[in-house]
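# What the coordinates show
Here is what each chain is made of, one letter per residue.
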Amino acid sequence: MARQGVLVEPYHRLKLEQVEQLHQASLAILTDPGVICFNRQAAEVFGDHGADVSSINQGGAACWRLKIPGTVITDAVQAAPKVVKLGARDENNCLILDGHEPRVRFASGSEANKWLDVDMEAFVSKRNPGTEVEFPVFRVEKGTVDRLVKAARLCEHLDSWDSFLRTVNIQDDDITDDNKDVNKFFASLNNTTKHVMSGLTELSQLSNVVRMAQTIAGGEDRLRENPIISFITCIVKSPLQLVDDTTQKAIEIAKSGIPLVISSSPQGGSTAPIGEDGMVAQINAEILVGIALTQLVNKGTPVLYGSVPSRTRLDNLYDTYGVPEFNQYNIDCVQMARYYGLPCYSTGGVSDVKVPGIQASVERLFSHILVTLAGPQYIHYAFGLLERTNTFCPVQAVLDDAHISMVKRFVSQPMVTADRISESLKQVRRVMGTSDKLYILFVRRAFRSGEITPPYPFEGKDMGDETLFWAQKRMEEILSLPPSHIAEPVVDRVFQEVPGLLTRLRS
Amino acid sequence: MTEDILALIKENVIQGRITGDDEGFDEGLVGQAGVSELTETALAQGISSEDIIKRGLSEGMDIVGRKFEAGEYYLPDMLASAKAVGAVMEILEPYLIESNIKSKGKIIMATVKGDFHDIGKNIVSILLQGAGYMVKDLGNDIDPQAIVAAVREEKPQFLGLSALLTSTMLRMKDTIQALTDSGVRDKVKVIIGGVATSEEFAQSIGADGYGADGFQAVRVIEALNTSQED
Ligand code: B12
């Protein structure tokens, strides 16, 4: 069994003709102006396969302009698997992402530096000193290993949270660039049995992370069958530049056979055109180059089409996620990925504002609903992210889980069949024969079967808004449950085989 | 004639048009001279660089600044105008040296080693140009030694360092150390910025200033500039 997510009837913003026009525009971009590549090996790979490669001068660093013919891209992209399995420690939690099936799963993100805690504090009214109310007060903390562990434990028990993408950047004093990768993966894997995904900080750590995953999965073959981890690589710096370091990481990961995301995150208005057509043509070109590279390096590499387009705010040029254009860009990208039959790693659920509340809910629900409707196979950033991805708030993640479950309920397939209609007609006739003329008796079975949504789980009792208070309680409840750790003997082996793990992660 | 051309420079600073190819924000401007062409013409007519700066650039930029504060213009408007000012200042550089007019100062900007984020740094650079500074942008992923070499060669009054990652912000410290080791630390004021950094962090690594955003960057540099002149 695999996690089912929700199968949607996809909303098509673009007509097929427009998808094809954008596809052609992306190919046109890749031949003129082409991409600037700072990675020698990638330039050689594309050169060997028919791209026009010329050395150019861009402020010192060695780089090349690649003009890549459309067929080089489309042939390579054709070779990418259309179904990608993201495994999990508990294989029932694995995800089968089929590029042609609009079945949506929800994951967290990103590498937020800040962790936001919520404290409830009592305040006394100045006007009526007898009136005391509780309000949430927010406390900003740093991302640490312990907090990453907490987030993984939340993920384990929140039902809509299908896959754990590391939420915070671990900044403990004993974490260095060299031990960050093994510790973030171990902290995550040891606390959730769902799929774990993360970026790779140091290429030199790839082999250690893979060895850890093999040990936990039960060997090299088992990891191949059940890839419990995957990597995100941001190889593109928009517009149209392949960064040396991340491109090298993508090449090495592709060789390892572990699934990877090729993600691009341009901002409409600063690093991509602000218009929907120009933005989508460019980001699609950027993602296609990355995917083509993975296939040219190792044909058949499991890869996800990672679209993370955002828009620029006009007052400060920060990235913004709460505007309608964000959703338009993202939905279009989902359609582009489906056109190629590639599983799509899409984006939704972030808010611009720094704290949970009305603005946060509006901004994130907007994309939770709209992007889900488009039917990407995987939506990242969907839990707890505030302040344009700079903050992760666990209480917000609990709220997001509840909201996503409502969204899933809404987008699920309509249950209109001949059988059900005849059942309903029976109901109508029976109720019309009663004196109270109420359908109440028939609600109960529907409710228990999960067909009907319960009331908002964090509703306040009085005039105040108690949402955060109740969400906080729910979070504490979950964190008091016993953790789903990896079996002791396996942990022992991991600690023997993998250098750099913090001993305090054992307890 | 002088008035006409200065008015045109001012107008095109407001429109943020560097060359005739630029569109500005009003319709139908493509094809008309932008600030570069207008400045060349003005210089050919013998108009002083001082007049071009004061009555063309500064007056235009002042209007844009006021409209920005009032919420009528947005940051892209401001940046387009600042770029236009920067383009003119570059044309005027040899004239300024010739007539012994001091520019407000030279600034080297760089994103530090290991970091490829440069949107914020580029915005800061443009705003500083708009404020009349000569900006030399080294780019991103810049090694401390390359920064030291540039400081030696260009002799700027200021060095702006940007970092967006908690890991690369430590390279700012290395860069300042490299300046000290090469004996040029006291020749240049260092200001830093980028989401992960803060005023406290700036102090802890011995930087001279910190800017949370582009406007603060300009204010901090202006303040350091005044104190330097004293
Ligand atoms: C755009 C972006 C990218 C783009 C960069 C494109 C480009 N041309 O710069 C790409 C995709 C390439 C990228 C790559 C990566 N990114 Co990035 N990125 C961002 C993002 C979304 C926005 C940054 C931005 O441009 N903001 C807009 C500008 C206007 O704001 P700003 O940079 O803060 O600049 C302002 C001020 O800070 C200040 N300022 C800036 N510089 C200076 C300098 C001086 C002297 C002064 C005075 C002031 C000043 O003034 C500026 C203007 O107002 C941030 C998250 C966020 N929302 O902030 C993540 C973020 C910074 N990235 C992050 C990460 C992790 C990465 C990657 C490692 C990949 C990954 N996600 O796994 C790689 C790293 C590559 C590398 N080695 O550098 C993390 C950092 C966490 C950490 N470890 O510290 C963040 C916080 C996202 C997240 N939550 O995960 N990224």
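The residue numbers shown here count from 1 along each chain, following its written sequence. Labels are handed out in written order, letters beginning with A for the chains and numbers beginning with 1 for the ligands. Whole-chain, interface and lining totals are the exception, using all residues; otherwise, since this is a predicted model, local features are given only for residues with pLDDT of at least 70 and side-chain atom pairs are given and counted only at 80 or more. In computing side-chain properties, one takes all heavy atoms of the structure into account and sets aside hydrogens as well as water.

## Some remarks on the overall build of chain A
Scanning chain A from terminus to terminus reveals 16 helices and 23 strands. Along the three orthogonal principal directions, the C-alpha set of chain A runs to about 80 × 55 × 55 Å. Residue pairs in contact within chain A that sit at least 24 positions apart in sequence constitute 74% of those at least 6 positions apart. Areas reported as accessible are Shrake-Rupley estimates using a 1.4 Å probe. Residue values count occlusion only from the protein chains shown. Split by element, the accessible area of chain A, about 21,300 Å² in all, is 54% carbon and sulfur. Where helices and strands are cited, they refer to DSSP runs of H or I of at least four residues and of E of at least two residues respectively, numbered from the N terminus. Any two residues having at least one pair of non-hydrogen atoms within 4.5 Å are treated as being in contact.

## Topic: the domain arrangement of chain B
Residues and elements named next belong to chain B. As assigned here, chain B comprises domain 1 (2-99) and domain 2 (106-229). Inter-centroid distance (C-alpha atoms) of domain 1 to domain 2 is 27 Å. Taken together, the contact between domain 1 and domain 2 spans 12 residues of the former and 8 residues of the latter. In total, domain 1 and domain 2 occlude about 900 Å² of area from one another, counting both sides; carbon and sulfur atoms represent 83% of this. We define buried area as the total accessible area lost by two parts upon association, computed with a 1.4 Å probe and summed across both. Together, Leu79, Ala82 and Met89 form the three largest contributors to the area buried by domain 1 at its contact with domain 2, with a combined 40%. Take a side-chain nitrogen of Lys or Arg and a carboxyl oxygen of Asp or Glu: if they are within 4 Å of each other, that pair is a salt bridge. Across the contact surface, domain 1 and domain 2 share 0 salt bridges. N or O atoms closer than or at 3.5 Å make up a polar contact, with two conditions inside protein: a donor-capable atom paired with an acceptor-capable one, and, for residues adjacent in sequence, both atoms drawn from side chains. At the junction of domain 1 with domain 2, the criterion picks out 0 residue pairs in polar contact (both at pLDDT 80 or more). Taken together, the elements giving at least two residues each to the side of domain 1 that touches domain 2 come down to α3 (49-69) and α4 (75-98). A per-element tally of the side of domain 1 that touches domain 2 places α4 first, with 10 residues. Put simply, Ala, Val, Leu, Ile, Met, Phe, Trp, Tyr, Cys and Pro go in the nonpolar bin, Asp, Glu, Lys and Arg in the charged bin, and everything else, Gly too, in the polar bin. Counted by class, the side of domain 1 that touches domain 2 contains 9 nonpolar, 1 polar and 2 charged residues. The split into domains, and so the bounds of each, comes from an automatic or database assignment of domains.

## A short note on the sheet that holds strand β16 (residues 267-268) of chain A
Residues and elements named next belong to chain A. Pairing is mixed in the open sheet, where 3 strands are placed in the order β16-β18-β19. Here the strands that pair on one side only, and so sit at the sheet edges, are β16 and β19 (319-320). Looking at chain direction, β16 and strand β18 (residues 310-312) are connected through 2 bridges and run parallel. Residue pairing across strands places Gln267 opposite Ser310, the latter belonging to β18. At least two bridges found by DSSP between two strands are what make those strands a pair.

## Looking at the coordination of the cobalt atom of the ligand
No other protein atom reaches the cobalt atom of the ligand as a donor apart from His117 of chain B (NE2), found 2.3 Å away. Looking at the secondary structure, you find His117 of chain B in the loop between β1 (106-111) and α5 (119-130). For Na, K and Ca the donor cut-off is 3.2 Å, and for all other metals it is 2.8 Å, counting N, O and S atoms only; because water is absent from this set, sites may look incomplete.

## Brief notes about the site of the ligand
Residues in close proximity to the ligand total 43 residues, the closest being Ser110 and Thr389 of chain A together with Phe116, His117 and Asp118 of chain B. Contacts to the ligand include Ser110 of chain A, whose side-chain N or O atom sits 2.4 Å from an oxygen atom. Elements supplying a minimum of two residues to the shell around the ligand: α5, β3 (158-162), β4 (189-193) and α9 (214-229) of chain B. The leading source of residues in the shell around the ligand is α5 of chain B, at 5 residues. When at least one non-hydrogen atom of a residue lies within 4 Å of a molecule or strand, that residue is treated as near it.

## Notes on a nonpolar patch on the surface
All names here are of chain A. Each patch is built from residues that are more than 30% exposed by relative accessible area and take part in no salt bridge. Like charges join if they lie within 9 Å; nonpolar side chains (Val, Leu, Ile, Met, Phe, Trp, Tyr) join within 5 Å. Residues Phe123, Val133 and Phe135 make up a contiguous nonpolar surface patch of roughly 260 Å² in combined accessible area. In this fold, Phe123 is placed in strand β8 (residues 114-124). Relative accessibility under 20% of the residue-type maximum defines a buried residue, over 50% an exposed one, and the middle range a partly exposed one, all with a 1.4 Å probe and only protein chains included. Taking the relative accessible area as the measure of exposure, Phe123 reaches 36% and is therefore partly exposed.

## What about the side chain of Arg388 of chain A?
All names here are of chain A. By the secondary structure assignment, Arg388 is in the loop between β22 (385-386) and β23 (391-392). Here the side chain of Arg388 touches Asp319 through a polar contact of 3.1 Å, side chain to side chain. Excluding residues that lie within four positions of it along the chain, Arg388 makes contacts with Tyr318, Asp319, Tyr321, Val350, Ser351 and Asp352.

## Regarding the environment of Ala212 of chain B
All names here are of chain B. Tracing the chain through its elements places Ala212 in the loop between β5 (209-210) and α9. Among the residues examined, Ala212 registers a relative accessible area of 41% and is labelled partly exposed. Ala212 sits 79 residues away from Tyr133 along the chain, and the two C-alpha atoms are 19 Å apart.

## Digging into the side chain of Asp162 of chain A
Residue and element names in this part refer to chain A. Here Asp162 is to be found in strand β10 (residues 161-165). At a separation of 2.7 Å, a polar atom in the side chain of Asp162 contacts the side chain of Arg3. In this view, Asp162 contacts Arg3, Gly5, Asn93, Leu95, Arg105, Phe106, Lys194 and His195; residues no more than four positions away in its chain are not counted.

## With respect to the packing of aromatic side chains
Residues and elements named next belong to chain A. Working definition: a ring pair exists when centres of Phe, Tyr or Trp rings (six-membered ring for Trp) sit within 6.5 Å. Plane angles under 30 degrees give stacked, over 60 give edge-to-face, the rest tilted. All told, the structure shown has 16 aromatic pairs over all chains when counted by the stated rule. Ring centres of Tyr321 and Tyr381 lie 6.3 Å apart, and the angle between their planes is 75 degrees; this geometry places the pair in the edge-to-face category. Here Tyr381 lies in the loop between β21 (378-380) and β22 and Tyr321 lies in the loop between β19 and α10 (324-340), a separation of 60 residues in the sequence. Should the NZ of a Lys or the CZ of an Arg lie within 6 Å of a ring centre and within 35 degrees of the ring normal, that charge is described as sitting over the ring. The cationic tip of Arg388 hangs over the ring face of Tyr318; the distance from NZ or CZ to the ring centre is 4.0 Å. Geometry around Phe495 places Arg506 over its ring, the cationic atom sitting 4.8 Å from the centre.

## A short note on the pattern of salt bridges
Residues and elements named next belong to chain A. With the rule as written, the count across this model stands at 44 salt bridges over all chains. In this structure, Lys114 and Glu387 form a salt bridge, with 3.0 Å as the shortest nitrogen-oxygen distance. Here Lys114 is found in strand β8, whereas its partner Glu387 is found in the loop between β22 and β23, with 273 residues between them in sequence. With relative accessibility at 29%, the residue Lys114 sits in the partly exposed group.

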